[in-house]
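Residues per chain are reported as follows:
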Amino acid sequence: MRRPLAARLRAWWRSRYETGRPLPVVRVEVGRSLPGVALRTAFVVAVAALVVAAGVRTDLITELVLVLAGLVAVWAAVRPGPGPAHVALVTAALELLGSDAAPFDPAVLWLAPLGYVATRLGWWASHTAATDRVELEALRHGLARDGVVVAVALAVGGAAWALSGRPVSWLVALGVVALAALAWMAVRRDDGEAR
C-alpha cells in the first residue's frame, strides 16, 4: 500500500534537511565601524543645537530657550527618531517667527543645514540601537547626497546672509523654496528601503 502524500513529503524533508549534516563555514568580515551610541549622541546634540541656535535670533528669555532645547534633547535621547527631529524643526521655526527680521529671517537658510543633519541623524538613530555598530561604509552610502544638500544650503544661506543688509525677503523666500525642493528630491527615498 502506498503512503499518503503528506507522509512522503515529510520523509523527503527529513532526508533532505534533517540529516545532521554540519552547516557550511561562513566567514564574515566587518569593516571599520562607529558605535551606535555615537550616532544617538550626535542626534541629541544636533536637535538641542538647532533649538538653541534659532532661539538666539529672538528676544525670548534664554532660560525658556534652554528649557525647550532640553525637553527636545531628552525626548531625542529616550526615543530617537523622526519625531524629536521634526519637533525641533517646528520649534526652531516658531522661535524664528519672533526674530526682528521675521517672517523671512535669513538665519533660516544657514540653520537649514543643521535641521537637515538633525533629521538624517534622527533616521540613523532610530534604526540603530545604542549597543549596535554601524559600518562607516553604510554611512558613506548617503554621504554624497547629504553633502550636496548641506553645501547648497550653506551657499544659499551665506549669500542671503551677505545681502541681509538690503531688502532680500524675496531672495530668502526663493531660497527656502529651492532648498525644500532640493531636499525633497534628494531624500524622497530612505537609505535603501524600498517603497
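Residues numbered from 1 in each chain as written. Predicted model: local features only at pLDDT ≥ 70, side-chain atom pairs only at ≥ 80, totals over all residues. Heavy atoms only, no water.

Chemist: Help me out: how do you make sense of the overall build of the protein in this one?
Modeler: Across its full length, the protein holds eight helices and two strands. From first element to last, N terminus to C terminus, the protein shows the α and β order α-β-α-α-α-α-β-α-α-α. Within the protein, buried positions represent 30% of all 195 residues. For the protein, long-range pairs separated by at least 24 residues make up 82% of all intrachain contacts whose partners lie at least 6 apart in sequence. (Helix = DSSP H or I, 4+ residues; strand = E, 2+ residues; numbered from the N terminus. Buried < 20%, exposed > 50% of the residue type's maximum accessible area, 1.4 Å probe, protein only. Contact = heavy atoms within 4.5 Å.)

Chemist: Any chance you could explain the nonpolar core here in plain terms?
Modeler: Note on soluble globular proteins: their nonpolar side chains tend to be buried together. Core analysis: the biggest nonpolar cluster contains 24 residues, and F43, V47 and A88 have the highest contact counts within it. At the level of secondary structure, the elements contributing two or more residues to this core comprise helix 2 (36-56), helix 3 (62-78), helix 4 (82-96) and helix 5 (107-126). Leave out the neighbours within four places in its chain, and A88 touches V47, L50, V51 and V72. (Core = buried A, V, L, I, M, F, W, Y, C linked by side-chain atoms within 4.5 Å.)

Chemist: Would you take a moment to explain the packing of aromatic side chains for this structure?
Modeler: Given two aromatic rings, one states the distance between the centres and the angle between the planes to describe the pair. According to the stated counting rule, one finds one aromatic pair in the structure shown. Between the aromatic rings of W123 and W124, the centroid separation amounts to 5.1 Å while the plane-to-plane angle is 85°, which identifies the pairing as edge-to-face. Side by side, W123 and W124 carry an identical accessibility label, which is buried. In this structure, R120 packs its charged tip against the face of W123, placed 5.8 Å from the ring centre. (Phe/Tyr/Trp six-rings, centres within 6.5 Å; stacked < 30°, edge-to-face > 60°. Lys NZ or Arg CZ within 6 Å of the ring centre and 35° of its normal.)

Chemist: What is the right way to read helix 3 from this model?
Modeler: In an α-helix there are 3.6 residues to a turn, and that puts residues three or four apart on one side. Spanning 17 residues, helix 3 covers 24 Å between terminal C-alpha atoms, matching the ideal 24 Å at 1.5 Å per step. Every buried residue of helix 3 is listed here: V65, A69, V72, A73 and A76. Buried positions in helix 3, seen along its axis, are confined to an arc of 100° and lie on one side of it. Helix 3 presents E63, L71, V74 and V78 as exposed residues on the side facing more than 90 degrees away from its buried surface. Structurally, helix 3 contributes buried residues whose contacts are with helix 2 and helix 4. (Expected span 1.5 Å × (residues − 1). Arc of directions from axis to C-beta.)

Chemist: Any chance you could explain the pattern of salt bridges here in plain terms?
Modeler: Close approach of charged atoms allows side chains with opposite charge to pair. On inspection of all chains with the given rule, the structure shows one salt bridge. Linking R140 and E137 is a salt bridge whose minimum nitrogen-to-oxygen distance equals 3.7 Å. Note that R140 and E137 are positioned in helix 6 (residues 136-141) at a spacing of three residues, about one turn of the helix. When its relative accessible area of 47% is taken as the criterion, R140 is described as partly exposed. Owing to a relative accessible area of 51%, E137 belongs among the exposed residues under this scheme. (Salt bridge = Lys/Arg side-chain N within 4 Å of Asp/Glu carboxyl O.)

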